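Okay, here's what each chain looks like letter by letter:
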Amino acid sequence: MDKLTRQRELVKSIATEPWVHTLQSLAKTLGVTQTTVVRDFEEMKDNGFQFIQDERATIYLQVSGWNGVMPVKASTLRQMELLRILTATPQGVTLTKIYKRFNRRDEEDVSTKTLERALKDLEKKNLIKRRGEEYVVCAEHLLPPLQLAEREKTLLFEALKVARALAPIPEEMKSLEAKLKLWIGENANPRETLFVHGRTPTQDVHHSQCCVHLEEAARNKNKVNILYRKQEGSARHLKLNPLGIVYYWGLDNWYLIAQDEGDQKIKTYLVNRILDVTRLVETFSPVEGFDLKKWYQYAWGVYRDQSPVPVIIRFHDHYSTLSRVRAELAKRETCTLTEDKDGLLMKDQVEGLDELAVWLRGFGAGAEVIEPALLRAKVTEEFTRLLQMYGGDVHGLD
């Protein structure tokens, strides 16, 4: 058993039987020394995995990482996350806000001094700069959006194939090629990735690896085995026919759309909960009538109720509301925006009013639901709860 296979077996054993295995029992099961298991855990920690132990020394997998690539230092990952935050917030972010974003999850805290060191290192590399109390990216030193003609894309990917064959670390070239395909698209094969009405994500390594494997499997109609964990309990082995992956920026999450091998139903799986992916040689037949783009044609997010509802919303010229609406709805083909003296009038057919209501919440008084009444009621209910929370007067709300 090679090292990669052994580490994947460690993950599967701990995920399917949480709080059962110890270092000693794992070494016995895998037929290696305890020193080897400890070394595996240290390397997996560098690859983003997080394990915890209880007082009996039994182990639980808290956060999944990635396999099959060279270990990445925690400091490098931290700098990648800082660049992601600052790129997504071009107006700048203070150290206090950066600290809050890093420590909002139930994970190991990152101190302000650690973040300051990472920021100083990025400043030395001329990737970011200080503007008063805020940090901003140096746009002139970052790769700008790349617009290529069809022939140019073909030539680029052909050149990458040759470069990968000659590269000293071919796996890194493969990763670069996969990221470029997600970024600028590829002509040779139909895409099995959908970005739900909005921005393209900046991915972490675990998500990138999972999504590349799943998209390739969907494109080539290969079945997959995944290790999937919903909550903090045991993970399950699932055999699926992958149909595509979807990124929904509203929740900042990737989702796998797949046909369950058991009941043949098409279901949605959160990529965050996929702990391991195995692409099988076995293939499946295309699902009759399924098209990823049409499947989500009317959906506002990733969850479909299969009953699109006519929606009319008035957006008022309130701060940057109008420019934000135009940017975030630019790629939604079912939506029409009409400009008039009062602002923008949006008309659409929408599945998933709950997710639409969450999006509208971010516009405050800049958005007014005209119809349907159900969506108007959902928004009213949300702001009623906010008023009650802050001790406001809810009488007279319609």
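Residues numbered from 1 in each chain as written. Predicted model: local features only at pLDDT ≥ 70, side-chain atom pairs only at ≥ 80, totals over all residues. Heavy atoms only, no water.

A. Inspection of the overall build of the protein chain at higher detail. Across its full length, the protein chain holds 13 helices and 15 strands. When the 398 residues of the protein chain are sorted by exposure, 41% land in the buried category. Across the protein chain, every contact between residues at least 6 apart in sequence was considered, and the portion connecting residues at least 24 apart equals 60%. Here the protein chain displays about 22700 Å² of accessible surface, and carbon together with sulfur accounts for 51% of that area. (Helix = DSSP H or I, 4+ residues; strand = E, 2+ residues; numbered from the N terminus. Buried < 20%, exposed > 50% of the residue type's maximum accessible area, 1.4 Å probe, protein only. Contact = heavy atoms within 4.5 Å. Areas by Shrake-Rupley, 256 points an atom, 1.4 Å probe, with all protein chains shown as cover.)

B. Highlighting the packing of aromatic side chains. Counted according to the given criterion, the structure contains 11 aromatic pairs. Measuring from ring centre to ring centre gives 5.2 Å for Trp 19 and Tyr 60, while their planes differ by 10 degrees; the resulting arrangement is stacked. On the criterion of sequence distance, the pair formed by Trp 19 in the loop between helix 1 (3-16) and helix 2 (23-30) and Tyr 60 in strand 2 (residues 59-63) is long-range, its members being 41 residues apart. Taking relative accessible area as the criterion, Tyr 60 reaches 7% and is therefore assigned buried. A ring pair is formed by Tyr 228 and Tyr 269, whose centres lie 5.4 Å apart and whose planes are at 90 degrees; its orientation type is edge-to-face. (Phe/Tyr/Trp six-rings, centres within 6.5 Å; stacked < 30°, edge-to-face > 60°.)

C. Layout of the state of the cysteines. Under the criterion given, the structure shown has zero disulfides. Between Cys 211, a free cysteine, and Cys 210, which holds the nearest cysteine sulfur, the sulfur-to-sulfur gap is 6.7 Å. (Disulfide = S-S within 2.5 Å.)

D. Region of interest: the packing of helix 2 against helix 3 (residues 34-46). Between helix 2 and helix 3, the shortest axis-to-axis distance is 8 Å and the interhelical angle comes to 110 degrees. By the angle class used here, helix 2 and helix 3 are roughly perpendicular. Together, Leu 23, Gln 24, Leu 26 and Ala 27 of helix 2 and Gln 34, Val 37, Val 38 and Phe 41 of helix 3 make up the contact between the two elements. Looking at the contact of helix 2 with helix 3 residue by residue, the classes come out as six nonpolar, two polar and no charged. (Axes fitted to C-alpha atoms, helices over the stretch in contact; angles between N-to-C directions. Parallel < 35°, antiparallel > 145°, perpendicular 65-115°, else oblique. Nonpolar A, V, L, I, M, F, W, Y, C, P; charged D, E, K, R; others polar.)

E. How the structure looks around the sheet that holds strand 14 (residues 343-350). The four strands lie next to each other as 13-14-12-15, forming an open sheet whose pairing is antiparallel. Of all strands in the sheet, those with a lone pairing partner are strand 13 (336-340) and strand 15 (367-371), marking the two edges. This sheet shows a mean twist of 25 degrees between the axes of neighbouring strands, independent of strand direction. Where strand 13 meets strand 14, five bridges bridge the pair, whose relative direction is antiparallel. Paired with Glu 339 across the bridge in strand 14 is Leu 344. Helix 12 (residues 353-361) contacts strand 12 (309-315), strand 14 and strand 15 of the sheet and is inclined by roughly 5 degrees relative to strand 12. Where helix 13 (residues 373-389) meets the sheet, its contacts fall on strand 12 and strand 15, and the angle it forms with strand 15 comes to roughly 145 degrees. (Pairing = 2+ DSSP bridges.)

F. Broad picture of the environment of Asp 317. Its location among the elements puts Asp 317 in the loop between strand 12 and helix 11 (321-328). Along the backbone, Asp 317 and Gly 343 are 26 residues apart, and their C-alpha atoms lie at a distance of 5.5 Å. With near-sequence residues (within four places) excluded, Asp 317 lies in contact with Leu 322 and Asp 342.

G. A look at the side chain of Ser 13. Position of Ser 13 relative to the elements: it lies in helix 1. At a separation of 2.9 Å, a polar atom in the side chain of Ser 13 contacts the main-chain carbonyl oxygen of Glu 9. Excluding residues that lie within four positions of it along the chain, Ser 13 makes contacts with His 21 and Leu 26. (Polar contact = N/O pair within 3.5 Å; in protein donor to acceptor, adjacent residues only side chain to side chain.)

H. Seen up close, unusual backbone geometry. In the segment running from Glu 371 into Pro 372, the intervening peptide bond is cis, with an omega of 10 degrees. One can find Pro 372 in the loop between strand 15 and helix 13. Despite not being glycine, Ala 57 has its phi angle at roughly 70 degrees, a positive value. For Ala 57, the position within the fold is in the loop between strand 1 (50-53) and strand 2. Note on Ala 57: relative accessible area 33%, which makes it partly exposed. Positive phi, normally seen in glycine, also occurs at Lys 221, with a value near 60 degrees. Among the secondary structure elements, Lys 221 is positioned in the loop between helix 9 (205-220) and strand 7 (222-228).

I. Local environment of the pairing of strand 12. Counting buried residues along strand 12, five of its seven residues qualify, which places the element largely inside the surrounding structure. As defined by bridge partners, strand 12 adjoins strand 14 across seven bridges and the pair is classed as antiparallel. When the sheet's bridge partners are listed, Pro 310 is paired in strand 14 with Gln 349. Direction of pairing for strand 12 relative to strand 15: antiparallel, over a ladder of four bridges. Bridge assignment links Ile 312 to a residue of strand 15, and that residue is Glu 371.

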